Amino acid sequence: MTPYWAFLQLLELVKFVKTARKIKIKMRASNSKHGGGENNRGISGHLFTLHQRLFHALSLGTRCGGSGRELKTKWKCTDIEIQRHVVRSIAAFLDSVTADASHHPLVKDSVAHIVEALVWILQYKSGAVLSMAANVVVKLLTVIPSSILQQYILDLGDPLLSLLSSNQLEVAISCATAMNMFLSNLIVKKEKQVWEMLKERNTVACIVTEIRKFSCEIMPIDYFQGIASLLSTIMWRWPQSRYAVWNDTVLMKVLDTLLVKPDLSVKVAVVKLYSSLGLCGNAAKKLLDNGEALLQTMVLCMDSSCPLAVRAEGFRLAQCLATNEQSFLRMTSLCCEPLVKAIVCGMNRWSFGFGKILSDKMSLLVEACHLGLVTRWAGKHHIYFWNHGIEKVLLDLILEDFHGRQLQHFSSLEEQITMAQEGLNKNFLHVLRPYIWNILGWLATYCEEDFTPNANGNELHIKILIICACLEFVNSISMGHQICEIDAMQTPRSESASWAVLMMVYSPCKYISSNARFIFSEILLPNGKDYLKNLLHSLNYVSSVDCSGLSYIHQTVVDLVGLTCYLGLPEYQRHVIEGKGMKIASAFVRWYWRNHMHIKRQRFNPHWDNKFLKRTCCWVHAEEWEGDDVLLLYGLWALAELVHLSGCLKDNRDIYCDEVNSKEVPLVSILQEICNDASSDGPKWFAAYILSQFGFYGFPSKLGKRMGKALNEDEHADIQFILTDGETLSVHSVVLVVRCPSLLPPEVLPFDEKALANASVTDDAEKIHEKFQKEVRLSAHVDSQALLRLLEYVYFGFLEAGDELVNKLKPLAKSCNLQSLLRLLYRKSPTWGTPVPRSDLAAALGPVGQRCSSFIMSNVSNAEICVLPWDIILEAKATELSSWTCSVCSLPVPHMHVHKVILWSSCDYLRALFESGMQESHSQTIKVPISWEAMIKLVEWLYTDQLPSPPKGCLWDNIDSEEKLYHLLPYIELCWLADFWRLEGIQDVCYRVIVSCLDSSRELSIKIIQIASKFSLWKLAEVAAELMAPLYNKLRDSGDLEQLDEFLVDMVRTASVRHCQEISLES
């Protein structure tokens, strides 16, 4: 050793001694300050001794680097014995650290030195000491709080990840365990950095490779559990990691094989992996496509015979797979009764044995109750919930000592109410109450009309459940505005109990409905009228102020539900009407709609917030029936009951005139707007039901308004109805086939497909169109006015008619099987969950039933053969694709056969072209100046008023920039075409799609701004410039801005200046 390096080591030793002395002085000062003693905050003399030994061991490997004043120390030692000594010293020190001592400065100051040494030893990869070091890392993560270790995740993470594929399986297992512990406790602000590290190390692909070659006979199960658990944690945190897993066919087959292995620990590891995969909608769909074995294993894990940790994994997987209705119904089609049985068993607190419910058992109860919310969807699973005694399980979760009671001793209603009130007052398992009320409400909602609990011996259980819900609801009504936002515990219980009573009062099940109304009425006594008066006063006040009037939003919900429930009790109905209930309810609806408010039930039902949903991707979530307008739904429901009771200008006219007639037009206008613009089906149905009392029937829509222009339009009609009085009505087969095929006689459909297949593109097209012109003579029983109104409904989606005409419409609507219209004509109250009839013409282009003209190309897999007459061709711009084959004609360019009436109705430009009389108006082909991909989307919008979306979630994250740009270009083309062709509505939708995609992929902005400039879409160019603004300096220095012309560079520069000014103002 040279004198220079000896001198440096001496300096380092002196520095270490000084550091140790400082720590010792601090220890003594701390002990003195707190009255001395060796156990100050958990620090013992033994721990201090081990700490000194640790620093002595560390000093053996400490080296100096740098030069001059930049001299720095670093732990670096290739001596295996010193490495082993250091690892043992670290292990001994950590073994003596207690929970109290872990936050002491002595321990916290040591962590940096420990991590530095461990990182070097792991990177050196000496087989003799590597296993010890990996185990010590696990011990470090177990002993030291995660808050202290967060700053070292990148330092330790890199060597740990590099050892996941180590030939020493014990090392790989320890590294996987340590990394899993790190990631499980990772704070959100570190996620981006850690994901970059995982990508750089290609961690996901590495783990996938290891699992693909895993064999239970060759490798220890601990190894598979370790790497599978790590992969599960990675997929849980980073959605972009899931695609590489579920898209790996070989891996998925390996997991399917492991799933059926007899070893339960292997099954659980696979189930845990599937739980994280199920967070991706595409992966969940793939799992359920061949999911029988998976669901059987999942239900097995949920069984009460399994350990709590295993059961928890089963319930988590079930929740992930049941993220939306379509996926859950797929589950029930494969495994319905066993799944329901497992849910009910999981909710049964007695399945955990007797005694106090500990935190882990409580956690599983919550998981099971959350899964029980699948009752919000209709289906055969409801029958199994009743068959497996869900009512008794729910009651056991509400009343603590219900299980041991002799119920026959509580024969009278008064005794049952007293017992229930005493049980509720104990607040037993109060955190589960919202789940219980929601499940009870959904069960009542979808219960069959002739359901008889006597058959299962559960009548008294159901009755006491109803009593408990009514007691909690009446308590909420009586409290008035004492329920507010600060009472976080009371709010969800109050709203859920209120909602459950509402669902039971209006349940289709006669038994539940009659009992709920009777019990609710009895519990209201003797203060029911006073509660009603206060409730009406409260709602009247809310609708008389601005939006800030909803400071008591939770009580407003209870009041609205209470008003609707009161209207279900005959003895209170007159009191509501005389208390100006009609005026108050209609004023509330106007006020809510005028203020453009959107409130979901989740706002006051935090238990609905599923931790899994926050990490999902690629799921398509259908709007719930109440949607994000739950206050509007409750207001409309109350108004609907009031309108029904008031007789709609027929009965009780003296009451009705004062309340509604003076404002009939604005109310009708608002209700029509709700039918047209509300985001969910529930408010639409109640608005349509109320409108039916005014003589308006149906659901107005934008597409219906467009198609209504074609009614009785002779030029493009291909069918003519001839009535007995000689009157004629011109209609269009493409509309009738989709919306009302019963109006067409059998000889009209199906059309001859061979004639279309053998047609040319020019002369034959017109001949075929003439061939399909039909005259249909109608029976003398068909009333011309009734038929005309029915056709208005078919084209527009709604109609207006007086009572006399309605009576003529009823048999016609029935013969045409128009169930939604028939329900409105008979003024039947909406049934919860009934979808609004679709107004689009999607079936005209789809694979179901009598399809309208389409296309077949060699490069399109889902093309369909047309079976309805086409009368015009849309031809896209030339494509690089060479082979184009059409089943209808021989045209060799990209094109689609469509219907002129659709184009005429939807596009002002094309309507003007068809009516111009110029040569182009008689052409059978229209050249559309956009690509084939854009034209597909255009046609879908013309037929459905909807645009297909580009890939989302992990699919979008895992495609390169060129492919992302490929998906966005059609929307840019449509933005331009919308200006050229005057297409209303489509441009805004396209802008939203583009901006949403750019927001997650800002690297595309520089390409988008160029394309937008080319199409003169300056609004889009401004959006791209705003997204580039924060990156202006980086783009300028890298030379990327040189791709843009000076005008666009100025646009980005201006946006950057504006961005900097906004940041300055905020700071």
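Residues numbered from 1 in each chain as written. Predicted model: local features only at pLDDT ≥ 70, side-chain atom pairs only at ≥ 80, totals over all residues. Heavy atoms only, no water.

1. Examining the overall build of the protein
Phase 1 of the analysis: Of regular secondary structure, the protein possesses 51 helices and 10 strands.
Phase 2 of the analysis: Taking all 1067 residues of the protein together, the buried fraction comes to 55%.
Phase 3 of the analysis: Once local pairs closer than 6 in sequence are excluded, the contacts in the protein between residues at least 24 apart make up 75%. (Helix = DSSP H or I, 4+ residues; strand = E, 2+ residues; numbered from the N terminus. Buried < 20%, exposed > 50% of the residue type's maximum accessible area, 1.4 Å probe, protein only. Contact = heavy atoms within 4.5 Å.)

2. Digging into the packing of aromatic side chains
Phase 1 of the analysis: Tallying each qualifying case throughout the model produces 26 aromatic pairs.
Phase 2 of the analysis: When the ring of Trp 195 is compared with that of Trp 238, the centres are 5.9 Å apart and the planes differ by 25 degrees; the resulting orientation is stacked. You can see Trp 195 sitting in helix H9 (residues 191-200) and its partner Trp 238 sitting in the loop between helix H11 (221-237) and helix H12 (243-246), a full 43 residues away along the chain. The burial state of Trp 195 is the same as that of Trp 238; both residues are buried.
Phase 3 of the analysis: Three or more aromatic residues joined by ring pairs make a cluster, and in this case those are Trp 442, Tyr 446, Trp 499, Tyr 506, Trp 625, Trp 637, Phe 686 and Trp 832.
Phase 4 of the analysis: Seen from the ring of Trp 377, Arg 376 lies directly overhead, with NZ or CZ sitting 4.1 Å from the centre. (Phe/Tyr/Trp six-rings, centres within 6.5 Å; stacked < 30°, edge-to-face > 60°. Lys NZ or Arg CZ within 6 Å of the ring centre and 35° of its normal.)

3. Quick word on the sheet that holds strand E6 (residues 774-777)
Phase 1 of the analysis: One open sheet accounts for three strands, arranged E5-E4-E6; its pairing is mixed. At either margin of the open sheet sits one strand with a lone partner, and together these are strand E5 (728-731) and E6. The sheet shows a mean angle of 25 degrees between the axes of neighbouring strands, direction not considered.
Phase 2 of the analysis: Of the pairings in the sheet, the one linking strand E4 (residues 719-722) to E5 comprises four bridges and is antiparallel in character. Bridged to Gln 720 within E5 is Ser 730. (Pairing = 2+ DSSP bridges. Axes fitted to C-alpha atoms, helices over the stretch in contact; angles between N-to-C directions.)

4. Details of helix H24 (residues 459-479)
Phase 1 of the analysis: Taking 1.5 Å per residue, 21 residues should reach 30 Å; H24 reaches 31 Å between its end C-alpha atoms and fits that length.
Phase 2 of the analysis: Judged by how many residues are buried, H24 sits mostly within the fold: 16 of 21 residues are covered. (Expected span 1.5 Å × (residues − 1).)

5. Section: the pairing of E4
Two faces belong to every sheet, and in a regular strand the side chains alternate between them.
Phase 1 of the analysis: Counted along the chain from E4 to the antiparallel partner E5, the turn is five residues long, and its residue Gly 726 has a positive phi close to 90 degrees.
Phase 2 of the analysis: Of the strand pairs in this sheet, E4 and E6 are connected by four bridges, and their pairing is parallel. Paired with Gln 720 across the two strands is Glu 775, which belongs to E6.

6. Overview of unusual backbone geometry
Phase 1 of the analysis: Pro 526 follows Leu 525 through a cis peptide bond whose omega is 0 degrees.
Phase 2 of the analysis: You can see Pro 526 is positioned in the loop between helix H26 (510-524) and helix H27 (528-542).
Phase 3 of the analysis: The phi torsion at Leu 429 lies on the positive side, around 45 degrees, for a residue other than glycine.
Phase 4 of the analysis: On the secondary structure map, Leu 429 appears in the loop between helix H22 (413-425) and helix H23 (433-445).
Phase 5 of the analysis: The phi torsion at Cys 618 lies on the positive side, around 65 degrees, for a residue other than glycine.
Phase 6 of the analysis: Take Cys 618: it is sitting in the loop between helix H30 (581-594) and helix H31 (630-646).

7. Digging into the pattern of salt bridges
Phase 1 of the analysis: Applying the stated rule across the entire model yields 29 salt bridges.
Phase 2 of the analysis: The partner of Arg 201 in a salt bridge is Asp 158, with the nearest N and O atoms 3.0 Å apart. With Arg 201 in the loop between H9 and helix H10 (203-212) and Asp 158 in helix H7 (residues 153-162), this residue pair connects regions lying 43 residues apart in the sequence.
Phase 3 of the analysis: In this structure Arg 201 comes out as partly exposed when scored by relative accessible area, which is 37%.
Phase 4 of the analysis: On the basis of relative accessible area, Asp 158 is assigned to the partly exposed category, the value being 25%.
Phase 5 of the analysis: A salt bridge links Asp 840 to Arg 838; its shortest N-O distance comes to 2.7 Å. (Salt bridge = Lys/Arg side-chain N within 4 Å of Asp/Glu carboxyl O.)

8. Structural notes on the packing of helix H17 (residues 308-321) against helix H18 (residues 325-347)
Phase 1 of the analysis: Between H17 and H18, the shortest axis-to-axis distance is 11 Å and the interhelical angle comes to 145 degrees. Handedness of the crossing formed by H17 with H18: left-handed. For the pair H17 and H18, the contacting residues are Arg 311, Phe 315, Ala 318 and Leu 321 in the first and Ser 327, Phe 328, Met 331, Ala 342, Ile 343, Cys 345 and Gly 346 in the second.
Phase 2 of the analysis: Residue composition of the contact of H17 with H18, grouped by class: eight nonpolar, two polar and one charged. (Left-handed = near helix turned anticlockwise from the far one by under 90°. Nonpolar A, V, L, I, M, F, W, Y, C, P; charged D, E, K, R; others polar.)

9. Some remarks on the sheet that holds strand E10 (residues 925-927)
Phase 1 of the analysis: Pairing is mixed across the open sheet formed by three strands, whose spatial order is E9-E8-E10. Since the sheet does not close on itself, it has two edges, and those belong to strand E9 (895-898) and E10, each with one partner. Going from strand to strand, the sheet's axes swing by 25 degrees on average, the running direction of each strand aside.
Phase 2 of the analysis: Strand direction decides the pairing type here: strand E8 (residues 872-875) and E10, joined by three bridges, are parallel.

10. Some words on H7
Phase 1 of the analysis: Those residues of H7 that sit buried are Ile 153, Leu 156, Gly 157, Pro 159, Leu 160 and Leu 161.
Phase 2 of the analysis: Buried residues along H7 sit against helix H4 (105-124), helix H5 (127-143), helix H6 (146-149), helix H8 (169-184), H9 and H10.

11. Some words on the environment of Arg 84
Phase 1 of the analysis: For Arg 84, the position within the fold is in helix H3 (residues 80-95).
Phase 2 of the analysis: Once the C-alpha coordinates of Arg 84 and Ile 121 are considered, the two residues, 37 residues apart in sequence, prove to be 9.2 Å apart.
Phase 3 of the analysis: Discounting chain neighbours no more than four positions away, the residues touching Arg 84 are Ala 128, Val 129 and Met 132.

12. Details of the confidence of the model for the protein
Phase 1 of the analysis: Chain-level pLDDT for the protein is 83 on average; 84% of the residues reach the 70-or-more range.
Phase 2 of the analysis: Predicted confidence is poor over residues 750-772, with pLDDT under 50, and the contacts of this stretch with residues over four places away or in other chains come to 43 contacts.
Phase 3 of the analysis: Taken together, the stretch residues 846-867 has pLDDT below 50 and engages in 60 contacts with residues farther than four places along the chain or on a different chain. (pLDDT = per-residue confidence, 0-100.)

13. Quick word on the state of the cysteines
Phase 1 of the analysis: Evaluation of the coordinates by the stated rule reveals zero disulfides.
Phase 2 of the analysis: This cysteine, Cys 306, is not joined by any disulfide, and Cys 301 carries the nearest cysteine sulfur, 5.9 Å off.
Phase 3 of the analysis: A residue is classified by how much of its surface remains accessible, and Cys 306, at 11% relative accessible area, is buried.
Phase 4 of the analysis: Lacking any disulfide linkage, Cys 509 is separated from the closest cysteine sulfur, that of Cys 447, by 3.9 Å. (Disulfide = S-S within 2.5 Å.)

14. Quick word on the environment of Leu 787
Phase 1 of the analysis: Within the element layout of this structure, Leu 787 appears in helix H39 (residues 784-796).
Phase 2 of the analysis: In contact with Leu 787, not counting residues within four places along its chain, are Phe 721, Leu 723, Leu 729, Leu 743, Leu 778, Val 782 and Leu 812.

15. Things to note about the packing of helix H13 (residues 249-259) against helix H14 (residues 264-277)
Two quantities define a packed helix pair, namely the angle between the axes and the distance from one axis to the other.
Phase 1 of the analysis: Where H13 meets H14, the axes come as close as 9 Å, and the angle between the chain directions of the two elements is 140 degrees. Considered as vectors, H13 and H14 are oriented oblique to each other. Where H13 crosses over H14, the two elements pack in a sense that is left-handed. Only Val 266, Lys 267, Val 270, Val 271, Leu 273, Tyr 274 and Leu 277 of H14 make contact with H13, whose side of the interface consists of Met 252, Leu 255, Asp 256, Leu 258 and Leu 259.
Phase 2 of the analysis: Split into classes, the residues belonging to the contact of H13 with H14 amount to 10 nonpolar, no polar and two charged. (Parallel < 35°, antiparallel > 145°, perpendicular 65-115°, else oblique.)

16. Looking at the side chain of Thr 297
Phase 1 of the analysis: Tracing the backbone through its elements, the reader meets Thr 297 in helix H16 (residues 292-302).
Phase 2 of the analysis: If we ignore the near neighbours within four places in the chain, the residues touching Thr 297 are Leu 259, Lys 267 and Val 271.

17. Notes on a negative patch on the surface
Phase 1 of the analysis: There is a patch of like negative charges on the surface, built from Glu 414, Glu 415, Glu 522 and Glu 571.
Phase 2 of the analysis: Tracing the backbone through its elements, the reader meets Glu 522 in helix H26. (Patch = residues over 30% accessible without salt bridge, like charges linked within 9 Å, V, L, I, M, F, W, Y side chains within 5 Å. Areas by Shrake-Rupley, 256 points an atom, 1.4 Å probe, with all protein chains shown as cover. Lys, Arg positive; Asp, Glu negative; His and termini not counted. Charge placed at Lys NZ, Arg CZ, Asp CG, Glu CD.)

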